[in-house]
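Each chain, letter by letter, is given below.
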Amino acid sequence: THLIDSWFGWGNPPEKSLDRAKEWIQNGLKINDSDDYGHANLGHLYLLNGFHDKAISAGELSVSLNPNGEYNMALLAMTLCYASRCDEAISLYHKAIRLNPFPPLWYLHGMGLAYRTVGKYEKAVKWYKKALHRNPNYFPAHLHLAATYAMMGKIGEAKASTAEVLKLN
């Protein structure tokens, strides 16, 4: 909860949420250092603090502790994408979605972001649309879809997606 508060800036102040998240994660790992979910969240915490190498190491440990942990894979994929390693992220997102064929929407738009970052715009559009098929009001997919269409030079589609962004937020 504290990680999400910080990610979206909901905490007051967000830095306090990060401190609380760190405290809870560290306490949990003191109790059970082999908890894959704890290491995944530690990686997320490192990512939010801009420590990409530490985030990747914690994420890789979480996946090694639970090779079928789709959440861990998706979180590591997101981290890899932020660390400019999107080709690796794409592979992990695919594995996570194979393990959970009805994944959270952030997996789908994360896959779209990874594809967009490596210049595979049509594939990015496909993944954003998958997210929107499941939830037509999913703001992040509309936002990233608008940006992707603009990068493709599809100005009409970009404007339509931007209109949806403005309608939703």
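Residues numbered from 1 in each chain as written. Predicted model: local features only at pLDDT ≥ 70, side-chain atom pairs only at ≥ 80, totals over all residues. Heavy atoms only, no water.

**So, the packing of helix H8 (residues 121–134) against helix H9 (residues 139–152)**
Then comes step 1: Remark: H8 packs on H9, axes separated minimally by 9 Å, with the N-to-C direction vectors making an angle of 155°. The angle between H8 and H9 places the two elements in the roughly antiparallel class. Of the two possible hands of crossing, H8 and H9 adopt the one that is left-handed. The segment H8 lies against H9, with Tyr121, Glu122, Ala124, Val125, Tyr128, Lys129, Ala131 and Leu132 engaging Ala141, His142, His144, Leu145, Thr148, Tyr149, Met151 and Met152.
Then comes step 2: When the residues that make up the contact of H8 with H9 are grouped by side-chain class, the tally is 11 nonpolar, three polar and two charged. (Axes fitted to C-alpha atoms, helices over the stretch in contact; angles between N-to-C directions. Helix = DSSP H or I, 4+ residues; strand = E, 2+ residues; numbered from the N terminus. Parallel < 35°, antiparallel > 145°, perpendicular 65-115°, else oblique. Left-handed = near helix turned anticlockwise from the far one by under 90°. Contact = heavy atoms within 4.5 Å. Nonpolar A, V, L, I, M, F, W, Y, C, P; charged D, E, K, R; others polar.)

**Focus: a nonpolar patch on the surface**
Then comes step 1: Where nonpolar side chains cluster on the molecular surface, the patch consists of Ile4, Trp7, Phe8, Trp10 and Tyr82 and spans about 550 Å² of accessible area.
Then comes step 2: Among the elements that line the nonpolar patch, the one with the most residues is helix H1 (residues 2–8), at three residues.
Then comes step 3: Its place among the elements puts Trp7 in helix H1.
Then comes step 4: By relative accessible area, which is 31% here, Trp7 ends up partly exposed. (Patch = residues over 30% accessible without salt bridge, like charges linked within 9 Å, V, L, I, M, F, W, Y side chains within 5 Å. Areas by Shrake-Rupley, 256 points an atom, 1.4 Å probe, with all protein chains shown as cover. Salt bridge = Lys/Arg side-chain N within 4 Å of Asp/Glu carboxyl O. Buried < 20%, exposed > 50% of the residue type's maximum accessible area, 1.4 Å probe, protein only.)

**Quick notes on the layout of surface pockets**
Then comes step 1: Within this model, the largest pocket holds a volume of roughly 740 Å³.
Then comes step 2: In this structure, the largest pocket is lined by 29 residues; those nearest its centre are Ile4, Trp7, His44, Tyr71 and Leu75.
Then comes step 3: Broken down by secondary-structure element, the contributors of at least two residues to the lining of the largest pocket are H1, helix H2 (14–31), helix H3 (36–48), helix H5 (70–82), helix H7 (105–117) and H9.
Then comes step 4: Counted by class, the lining of the largest pocket contains 19 nonpolar, nine polar and one charged residues. (1 Å grid on protein atoms, 1.4 Å probe; cavity = no way out; pocket = protein on both sides within 12 Å on 5 of 7 lines; lining within 4 Å. Points joined across faces, edges and corners; volume = space filled by probe spheres on them.)

As far as function goes, none of this settles anything; it's purely spatial.
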